[in-house]
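Residue-level listing of the chains:
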Protein chains: 2
Amino acid sequence: MARSRAEMMQETRAKLIAAARKAFAEKGYADASMDELTAAAGLTRGALYHNFGDKRGLLAAVVNQIDEEMAAKATAIASHIEGEWQALLVQGSAYIEMALDPEVQRIVLRDGPAVLGDPQQWPSQSGCLHTTQETVERLIAEGFLKPVDPEAAARLLNGAALNAALWIAASDDPGEALPKALDAFQLLASGLLK
Amino acid sequence: MARSRAEMMQETRAKLIAAARKAFAEKGYADASMDELTAAAGLTRGALYHNFGDKRGLLAAVVNQIDEEMAAKATAIASHIEGEWQALLVQGSAYIEMALDPEVQRIVLRDGPAVLGDPQQWPSQSGCLHTTQETVERLIAEGFLKPVDPEAAARLLNGAALNAALWIAASDDPGEALPKALDAFQLLASGLLK
DNA sequence: CAATTGACATACGGTGCGTATGTTTCTATT
DNA sequence: AATAGAAACATACGCACCGTATGTCAATTG
């Protein structure tokens, strides 16, 4: 069956995003060459600027893809947990563990904010942040949490989890740091409980 | 009085750092031109590569300077507070407010980690982080806090404060977001209390 | 079946970093 | 005190890279 034009274009976009994911993760955004990137995908820079506008646009597409994957994982995990409060804790732990992935760290947590600006302004709206806020809102509505601003709480929880992940990743012994971080995270989160 | 050789060099270093602070804050690290930077300081790129090695070295020097200023402010503020727990809260609030400075945000919080890597690994060791950890350690020793890993707790607290600041700065109405963030921060921190 | 548009490739210009090479001023040694 | 050496910076060069402008070929449309 002959692929249609739209299918062809989606394929080149996918190839470019995949190559960019690899290059951005390995070399970082600044040191990733668009020539090498596109050549690795069997294309040229022409395809890039046609599909994504510029280098930032490609990074945005990559970040979107990763972010969607993270959000999907987070919701999938949380859906198996009974109890909203446990779900929030598990979600936070999941976020910490996902943020241990070097690809996530480099692209989403380091270069992403530096190049694209505040994650909250991204079209994906930083999926994990969004799901966290929704959980917090439900918990407040059900009376489990003190009356705190949901967005602020979600922001701080995610910030705490993010820094926990960065700390663990840079740690000499991640296996030792992880439980400490999870423990501290649950303690902090318990401050929101009534 | 004739300035000595070392004094002259310190002066050029100071001039370069000052010019870099302005350029990095206004244009961001990537878009800051070394030629313009040094010309604004009345020098050339030669002085730069002699004193700081490369562009990253200059950013590191700038980050160090700002970080030291922040740590000095934080300790100065905390020293006037009686009670370690109140000091910790005030310190966190001070950190949030300092992080509202666009210069701090852009250079220390965005470009710094992206270019230089994890702040914990910086020579300044991210001053605020260090002072926070010390306060947490004292509070644990005095029995005010649950037995949590001090480094982990300091990391998460600072991460929460940092994201609070980023949220406020990107908010439509910072004046409204600030008290919400401070409230959420204090709630989270109270989770560490016995 | 012409004409036009879309999807990409190729070619070009400009900018900016890092380094290699000068140049001048201070220092040190005899 | 004179010269050798180095330090501090300026100048000059090469290279890589991004963005755009232009070209090309296939597909679609009337």
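Rules behind the numbers
- Residues numbered from 1 in each chain as written.
- Chains lettered and ligands numbered in written order.
- Predicted model: local features only at pLDDT ≥ 70, side-chain atom pairs only at ≥ 80, totals over all residues.
- Heavy atoms only, no water.
- Least-squares fit on C-alpha atoms with pLDDT ≥ 70 in both.
- Contact = heavy atoms within 4.5 Å.
- Near = heavy atom within 4 Å.
- Polar contact = N/O pair within 3.5 Å; in protein donor to acceptor, adjacent residues only side chain to side chain.
- Phe/Tyr/Trp six-rings, centres within 6.5 Å; stacked < 30°, edge-to-face > 60°.
- Buried < 20%, exposed > 50% of the residue type's maximum accessible area, 1.4 Å probe, protein only.
- Lys NZ or Arg CZ within 6 Å of the ring centre and 35° of its normal.
- Helix = DSSP H or I, 4+ residues; strand = E, 2+ residues; numbered from the N terminus.
- Nonpolar A, V, L, I, M, F, W, Y, C, P; charged D, E, K, R; others polar.
- Buried area = accessible area lost by both parts, 1.4 Å probe.
- Core = buried A, V, L, I, M, F, W, Y, C linked by side-chain atoms within 4.5 Å.
- Domains from an automatic or database assignment.
- Salt bridge = Lys/Arg side-chain N within 4 Å of Asp/Glu carboxyl O.
- UniProt positions renumbered as here; feature names shortened; annotations may be inferred.

Colleague: How would you sum up the relation of the copies chain B and chain A? Please name residues and give values.
Modeller: For the pair chain B and chain A, the best superposition has an RMSD of 0.1 Å and corresponds to a rotation of 180 degrees with a translation of 0.0 Å parallel to the axis. Such a turn and shift between the copies fits a two-fold axis. Judged by C-alpha distance, B:Gly191 is the residue of chain B that lies nearest the rotation axis, at 1.8 Å. Taken as a fraction of all interface residues of chain B, those also at the interface in chain A reach 100%, which identifies the copy contact as same-surface.

Colleague: Talk me through the protein's contact with DNA strand D; I want residue IDs and the actual numbers.
Modeller: The environment of DNA strand D is formed by 18 residues, the closest being A:Arg45, A:Tyr49, B:Met9, B:Thr12 and B:Thr44. Here the atoms of DNA strand D within 4 Å of the protein split so that 69% fall in sugar or phosphate, with bases taking the remainder. Within the contact set of DNA strand D, a base oxygen lies 2.2 Å away from a side-chain nitrogen or oxygen of A:Arg45. Contact distances for DNA strand D include 2.5 Å between a phosphate oxygen and a side-chain N or O atom of A:Tyr49.

Colleague: Residues and numbers for the packing of aromatic side chains, please.
Modeller: Residues and elements named next belong to chain A. All chains considered together, the criterion is met by two aromatic pairs over all chains. Pairing Phe24 with Tyr29 gives two aromatic rings, centres 5.4 Å apart and planes at 50 degrees, and the pair type is tilted. The exposure class of Phe24 is buried, given its relative accessible area of 1%. On the basis of relative accessible area, Tyr29 is assigned to the buried category, the value being 12%. Across the ring face of Tyr29, the terminal group of Lys55 is positioned such that the distance to the ring centre comes to 4.7 Å.

Colleague: Tell me what's going on with the protein's contact with DNA strand C, and back it up with residues and numbers.
Modeller: Neighbouring DNA strand C are 18 residues, the closest being A:Met9, A:Thr12, A:Thr44, B:Arg45 and B:Tyr49. Sugar and phosphate atoms represent 65% of those atoms of DNA strand C found within 4 Å of the protein. B:Ala32 is positioned with one of its backbone polar atoms (N or O) 3.2 Å from a phosphate oxygen of DNA strand C. Elements that contribute at least two residues to the surface near DNA strand C include exactly helix 1 (5-27) and helix 3 (45-52) of chain A together with helix 3 (45-51) of chain B. In terms of residue count, the dominant contributor to the surface near DNA strand C is helix 3 of chain A (five residues). Classifying every residue of the surface near DNA strand C by side-chain character gives six nonpolar, six polar and six charged.

Colleague: Could you give an account of the interface of chain B and chain A, naming the residues involved and the relevant values?
Modeller: Listed per partner, the contact involves 36 residues of chain B and 36 residues of chain A. When chain B packs against chain A, the two sides together hide about 3,000 Å² of surface, and 66% of this comes from carbon and sulfur. Contact with chain A buries surface across chain B, with B:Leu156, B:Trp167 and B:Leu188 losing the most and accounting together for 24% of the total. Across the chain B-chain A interface, the total number found is four residue pairs in polar contact (both at pLDDT 80 or more).

Colleague: Describe in detail the nonpolar core, supporting the description with residues and values.
Modeller: Core analysis: the biggest nonpolar cluster contains 119 residues, and A:Phe24, A:Leu58, B:Phe24 and B:Leu58 have the highest contact counts within it. Excluding residues that lie within four positions of it along the chain, B:Phe24 makes contacts with B:Tyr29, B:Ala32, B:Leu37, B:Lys55, B:Leu58, B:Leu59, B:Val62, B:Arg106 and B:Ile107.

Colleague: Provide a residue-level description of the domain arrangement of chain A, including the pertinent values.
Modeller: Residues and elements named next belong to chain A. The assigned domain composition of chain A is domain 1 (1-53) and domain 2 (63-190). Just the C-alpha atoms count here: the centres of domain 1 and domain 2 sit 29 Å apart. In this assembly, six residues from domain 1 lie in contact with eight residues from domain 2. Together, the buried faces of domain 1 and domain 2 total about 690 Å²; carbon and sulfur atoms form 56% of this surface. Taken as a group, Arg21, Ala25 and Tyr29 account for 73% of the area that domain 1 buries against domain 2, more than any other trio of residues on that side. Inspection of the region where domain 1 meets domain 2 yields two salt bridges. With its nearest N and O atoms 2.9 Å apart, the salt bridge here joins Glu69 to Arg21. Residues of the side of domain 1 that touches domain 2, tallied by class, amount to four nonpolar, one polar and one charged.

Colleague: I'd like to hear about the UniProt feature "DNA-binding region" (unreviewed entry) in chain A, residue by residue, with values.
Modeller: Per the UniProt record, the feature "DNA-binding region" (unreviewed entry) sits at residues 33-52 of chain A. End-to-end, the C-alpha atoms of residues 33-52 of chain A are 15 Å apart, and along that stretch the chain is 75% helix and 0% strand.

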